[in-house]
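# Secondary and tertiary structure notes
What follows is each chain in one-letter form.
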Amino acid sequence: MQSQIFCPLGTSEFGDVLDHIEASGATAVLVLLLGEDAVQFNRAFGARGLDGRCVRLSSLMDENMLLGSGDGGTRNLYSVSGYFESLATPYSLDFEHRYVRRFGVAAPPLTSPGESCFEGVTLLDELIRRAGSTHPRAIERAAGESPVYTSPRGEVRFSARHLRQAMYVAQADGLEFDILAQVGDPSTAA
């Protein structure tokens, strides 16, 4: 049986949702909650003991939400992203090294949203360089030329104005993500 439950932003009480999951006999839950909502849901999910029989997958879970969820809220929790702080590639390790050198070892964790902001600026720089101008129409033309650039995620390609990049599946291991698999190979994407 499949069902969908929509929660408004700012939800902090998930008793009815958890009752529904428990009664349904579900063995998997797709979680699309953000920020504190996700943290509160994961804590309540673990406290209810549903993490013993249900896996959760969230494409929106980052390292800060994982830390906020705590050890008791992360069992059987998976995420999918183009970047995790625990990603161990030459590109990501270089990014982390530069980040720690600039902000120190006590800096907040590198997260997918933070890396995405950095990557957005990197992409804009590449497009301006290709366009030879900061004019929006010139940048738009440059974007249509299928740019390729290097980011903390590795080599990123655009094809027909769509991003081609590797994605990773990770499992929460306490308060960190353990990358289980790479999904997709951007070099073979058409």
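These numbers come from a predicted model, not from an experiment.

## Overview of the sheet that holds strand S5 (residues 154–159)
- Pairing in this open sheet of three strands is antiparallel, and the strands run S4-S5-S6 from one edge to the other. Of all the strands in the sheet, just strand S4 (148–151) and strand S6 (162–164) have a single pairing partner and so form its edges. Across this sheet, the average inter-strand angle for adjacent strands is 30°, counted without regard to direction.
- Where S5 meets S6, three bridges bridge the pair, whose relative direction is antiparallel. Residue pairing for S6: arginine 157 is matched across the bridge by arginine 164.

## Describing helix H6 (residues 136–143)
- Listing the buried residues of H6 in full gives Ala138, Ile139, Ala142 and Ala143. Buried residues of H6, seen end-on, are gathered within an arc of 145° and therefore sit on one face of the element. Residues of H6 that are exposed and angled more than 90 degrees away from the buried face: Pro136, Arg137 and Arg141.
- Of the surrounding elements, those touching the buried residues of H6 are helix H5 (112–131).

## What about the packing of H5 against H6?
- Interaxial distance between H5 and H6 falls to 8 Å at its minimum, and their mutual angle equals 100°. Regarding the angle of H5 to H6, the classification is roughly perpendicular. Contact with H5, carried on its side by Leu124, Leu127, Ile128, Arg130 and Ala131, involves Ala138, Ile139, Ala142 and Ala143 of H6 and no other residues of that element.
- Across the contact of H5 with H6, the residue classes tally to eight nonpolar, no polar and one charged.

Calculation rules
- Residues numbered from 1 in each chain as written.
- Predicted model: local features only at pLDDT ≥ 70, side-chain atom pairs only at ≥ 80, totals over all residues.
- Heavy atoms only, no water.
- Pairing = 2+ DSSP bridges.
- Helix = DSSP H or I, 4+ residues; strand = E, 2+ residues; numbered from the N terminus.
- Axes fitted to C-alpha atoms, helices over the stretch in contact; angles between N-to-C directions.
- Buried < 20%, exposed > 50% of the residue type's maximum accessible area, 1.4 Å probe, protein only.
- Arc of directions from axis to C-beta.
- Contact = heavy atoms within 4.5 Å.
- Parallel < 35°, antiparallel > 145°, perpendicular 65-115°, else oblique.
- Nonpolar A, V, L, I, M, F, W, Y, C, P; charged D, E, K, R; others polar.

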